[in-house]
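One-letter residues, chain by chain:
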2 protein chains.
Amino acid sequence: MALIVQKYGGTSMGSTERIASVAQRVAKWARAGHQVVVVPSAMSGETNRLLGLAKELAPAKLTPDYYRELDMIAATGEQVSVGLLAIALHALGQPAVSLAGWQVPIRTTDAYTKARIEQIDDGKVRAALNAGKVVIITGFQGVDAAGNVTTLGRGGSDTSAVAVAAALGADECLIFTDVDGIYTTDPRVVPEARRMGAISFEEMLEMASLGSKVLQIRSVEFAGKYRVPVRVLSSFTPPDIDIDIEDRSGTLITFEEDEQMEHAVVSGIAFSRDEAKISVLGVPDKPGIAYQILGAVADANIEVDVIIQNVSKDGKTDLSFTVPQADLARAVDLLKEKVAPALGAADVLGDPRICKVSIVGIGMRSHVGVAAQMFRVLSEEGINIQMISTSEIKTSVVIDEKYMELAVRALHRAFDLDQPPSA
Amino acid sequence: MALIVQKYGGTSMGSTERIASVAQRVAKWARAGHQVVVVPSAMSGETNRLLGLAKELAPAKLTPDYYRELDMIAATGEQVSVGLLAIALHALGQPAVSLAGWQVPIRTTDAYTKARIEQIDDGKVRAALNAGKVVIITGFQGVDAAGNVTTLGRGGSDTSAVAVAAALGADECLIFTDVDGIYTTDPRVVPEARRMGAISFEEMLEMASLGSKVLQIRSVEFAGKYRVPVRVLSSFTPPDIDIDIEDRSGTLITFEEDEQMEHAVVSGIAFSRDEAKISVLGVPDKPGIAYQILGAVADANIEVDVIIQNVSKDGKTDLSFTVPQADLARAVDLLKEKVAPALGAADVLGDPRICKVSIVGIGMRSHVGVAAQMFRVLSEEGINIQMISTSEIKTSVVIDEKYMELAVRALHRAFDLDQPPSA
């Protein structure tokens, strides 16, 4: 008997028929002798519907009071889901009880719409499990110290599930989703993309932060911090599958680099269209310049990703960096109005038509020349590299958006990701 | 400055436009210097949508565990409403905060779907009021001692509003609805029906229990128990109206029989199509018979209303009574299968095509012959009376359903209810 946390996304919970099918899967696990905690998302479309209503009424200035109410409203989507899933389990004769975040309670910070989980009380959950019940906990939300409802931000249900698994010391956290695992890259871009049987925690962290949208990055961080074994698998397989731990499909995020792991140098290719490039041209090349520019951007709560500084010429240099595409206009305005005049910069340019393509693999630690091979492949395809960023287990390049698919396919082939890995 | 509780029904909260209009009204009251607590219902249609989803998944046997989840699901409708109304107030520059029943907390029994309010903690509400905020509390729901979400049953938001007003010692509880007050009878049946400026608590209690659907009966009981001044008025009048207590329109439910009160003998006419008649024929006329029949019905959790027993003949008698129409088939089956054979009754007949028409007025206490006048009016219209039930301030008759409108109109005219009352 194991203690298993299962998370189901909005598509899996998208209708009463689908909820009934989730219930069947959960009931089979419970009948096989496992203790099961389920963390479902809101029914697909519901969170958007609720936020849409709020947006129609929103004040011009969005205050913390507004975000508090937004969380109050958005949290109801998951509350409906947990109740419906409990009822669907009752209909199968499986005892089950739902708990909202505040009932557990799942304590969070008070940063509305992007709260962080601080502590989970496991007493109520364990009591219900020991009474033979499946426990269904609302994803995406919690309660702050003052008793206000908070939410964790988009994709927060992944984080809820992993955090609950950590608090309970669960044997495994299964993320049931509409894909059947983590792929070497997005199969919609590269049809030859392969599902990985396992991926290391560090690679998954890079994949999630570099644009792979299967798991929310904070849930991966949580899994790492508490060493929760997480498996991503499809909710559209028959419910019998996977109950025996040996048979489980999907992709396991593992902390052990043993023979289970694939031995490819590059494990996966991530990409993102969500960034934009800003260049501040002709700034004096002296200490403190980068801080003056990037500090102002950070103060405006805009995240900066890749940064490069050109070689200096005549005491002047150019600084380029990427920001989320949604923040591009605001960042350029800010720099043009306040920063560039003070620095005597020649110009500030914004370019939304870029993308970031990254190769990820813990094999890069022990293999030299991997980045060079990446640059060669792109060069052979005639793709100009605008920016480069590296870390121990990944190399990212910023290129013209129009070459994104071409680059991803060429790299996937060049690093043999369409071939089964050598053991 | 007064402390005012305002309740808005589902129609008043039916769209974001209407919520914005409720916010305008509430903001005007707050700007006029009043402390305002608002208790809104779910957006119209929402509770039915949520219960419909639950019904699609419901188990064959409806256990308390099922009803617990039903409350968990249904309670979200009001939670969305309070958040949206708070946001609409923010947009008008009016500080406001929403509280779910469990956040107040509003403590109830654990009778899911029909819980009763036991206690309301006013600390959090008063603190927010004193901070200059409008406080918006979810209607229809609370939390039991174990921390489970409960609901109060249909129309429960009226009860929530009156209970909150009682707990806060509010100066008035205003029930904003889609009608502009309590009428002498339903204007859809009698176009000449008049709105009453005031109605005594006892009359309102009878009107509510006899079929007038403007206020939920439990809210009237609550108002009586805690002597909360309740006023029913329309949410479709301009928002400026009614802020000065002297100007308020609608109908006040009063505990003082002073000159404000109308001095009519009969104040209003209530009617209901929701009952059905059962007759148990040819039962031996001996002690305990009524108990054997009605006790069996009560044990099946079926409410019995009007009861009559015929004059005995040859040692046999007939017993007739009314039950809710929805319970008719079940009651007849029960009596035919179990009770009638044991008693040696000749037959059990069920008739769904009846209605109950009632005249209500505290003037009936001091005037004799009011019931007789009612019977004369019905007789002149050729309407046969099947059953009669009286109390100190009302007389009800059960008649053929097809005469209902005719009876209500004739009585409305005969008791001068279409004329302004003499002072």
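Predicted model, so just to flag it, every value in this text is computed and none were measured.

**Observations concerning the overall build of chain A**
When helices and strands are tallied, chain A shows twelve helices and 20 strands. At 23 Å, chain A has a C-alpha radius of gyration in line with the 22 Å of a compact globule built from 423 residues. Projecting the C-alpha coordinates of chain A onto the three principal axes gives extents of approximately 80 × 55 × 30 Å. Counting the 423 residues in chain A, one finds 56% classified as buried. For chain A, the proportion of contacts with a sequence separation of at least 24, taken over those separated by at least 6, is 76%. Looking at chain A as shown, the accessible area adds up to about 17,500 Å², and 49% of this sits on carbon and sulfur atoms.

**Observations regarding the interface of chain B and chain A**
Taken together, the 45 residues of chain B in the interface contact 45 residues of chain A. Surface buried jointly by chain B and chain A totals about 3,500 Å² across both partners, of which 66% is contributed by carbon and sulfur atoms. Our count for the contact surface shared by chain B and chain A stands at two salt bridges. A salt bridge links E46 of chain A to R49 of chain B; the nearest nitrogen and oxygen atoms lie 3.5 Å apart. Summed over the shared surface of chain B and chain A, the number is 14 residue pairs in polar contact (both at pLDDT 80 or more).

**Considerations on the pattern of salt bridges**
Residues and elements named next belong to chain A. Tallying each qualifying case throughout the model produces 30 salt bridges over all chains. Residue E405 is joined to R273 by a salt bridge in which the shortest nitrogen-to-oxygen separation is 3.3 Å. Placement of E405 in helix α12 (residues 404–414) and of R273 in the loop between β13 (268–272) and β14 (275–284) is noted, with a sequence separation of 132 residues between them. Take R273: its relative accessible area is 36%, and that puts it in the partly exposed class. As a salt-bridge pair, R365 and E392 come within 3.5 Å of each other at their nearest N and O atoms.

**Side note on the relation of the copies chain B and chain A**
Take chain B, turn it by 180 degrees, move it 0.1 Å along the axis, and it overlays chain A with an RMSD of 0.2 Å. Look at the turn and shift together and you get a two-fold axis relating the two. Minimal C-alpha distance to the rotation axis in chain B is attained by T76 of chain B, lying at 2.7 Å. The overlap is high: 100% of the interface residues of chain B also sit at the interface in chain A, so the same surface is used on both sides.

**What about the packing of aromatic side chains?**
Residues and elements named next belong to chain A. The final tally for this structure, using the stated rule, is nine aromatic pairs over all chains. Here the aromatic rings of F201 and F255 are separated by 5.5 Å at their centres, their planes lie at 35 degrees, and the arrangement is tilted. Of the two residues, F201 is situated in helix α7 (residues 201–209) and F255 in the loop between β12 (251–254) and β13; the sequence distance between them amounts to 54 residues. Relative accessible area serves as the criterion here: at 17%, F201 is assigned to the buried category.

**A closer look at the packing of helix α3 (residues 64–74) of chain B against helix α4 (residues 76–91) of chain B**
All names here are of chain B. Where α3 meets α4, the axes come as close as 5 Å, and the angle between the chain directions of the two elements is 20 degrees. Here α3 lies roughly parallel to α4, going by the angle between them. Each of M72, I73 and A74 in α3 lies in contact with α4, whose residues at this interface are T76, G77 and E78.

**Structural notes on helix α9 (residues 289–299) of chain A**
Residues and elements named next belong to chain A. Taken residue by residue, α9 has I289, I293, L294, G295 and V297 as its buried positions. The inward-facing, buried residues of α9 abut β14, β15 (307–309), β16 (316–324) and α10 (328–343). Of the residues trailing α9, N301 is marked for its positive phi of about 65 degrees.

**Topic: the side chain of T76 of chain B**
Checked against the element boundaries, T76 of chain B lands in helix α4. At 2.7 Å, the side chain of T76 of chain B forms a polar contact with the backbone oxygen of I73 of chain B. Residues contacting T76 of chain B, with those up to four places away along its chain left out, are T76, Q79 and V80 of chain A together with L50 of chain B.

**Quick notes on the pairing of strand β1 (residues 3–8) of chain A**
All names here are of chain A. Burial analysis of β1 places six of its six residues in the buried class, which makes it a mostly covered element. As defined by bridge partners, β1 adjoins strand β2 (residues 35–40) across six bridges and the pair is classed as parallel. If you follow Q6 over to β2, its bridge partner there is V38. The parallel pair β1 and β2 is bridged by helix α1 (residues 16–31), and the resulting crossover is right-handed. The sheet contact formed by β1 and strand β9 (residues 172–177) spans five bridges and is parallel.

Definitions and cut-offs
Residues numbered from 1 in each chain as written. Chains lettered and ligands numbered in written order. Predicted model: local features only at pLDDT ≥ 70, side-chain atom pairs only at ≥ 80, totals over all residues. Heavy atoms only, no water. Helix = DSSP H or I, 4+ residues; strand = E, 2+ residues; numbered from the N terminus. Rg over C-alpha atoms; globule rule 2.2 N^0.38 Å. Buried < 20%, exposed > 50% of the residue type's maximum accessible area, 1.4 Å probe, protein only. Contact = heavy atoms within 4.5 Å. Areas by Shrake-Rupley, 256 points an atom, 1.4 Å probe, with all protein chains shown as cover. Buried area = accessible area lost by both parts, 1.4 Å probe. Salt bridge = Lys/Arg side-chain N within 4 Å of Asp/Glu carboxyl O. Polar contact = N/O pair within 3.5 Å; in protein donor to acceptor, adjacent residues only side chain to side chain. Least-squares fit on C-alpha atoms with pLDDT ≥ 70 in both. Phe/Tyr/Trp six-rings, centres within 6.5 Å; stacked < 30°, edge-to-face > 60°. Axes fitted to C-alpha atoms, helices over the stretch in contact; angles between N-to-C directions. Parallel < 35°, antiparallel > 145°, perpendicular 65-115°, else oblique. Pairing = 2+ DSSP bridges. Right-handed = clockwise from strand over helix to strand, strands pointing away.

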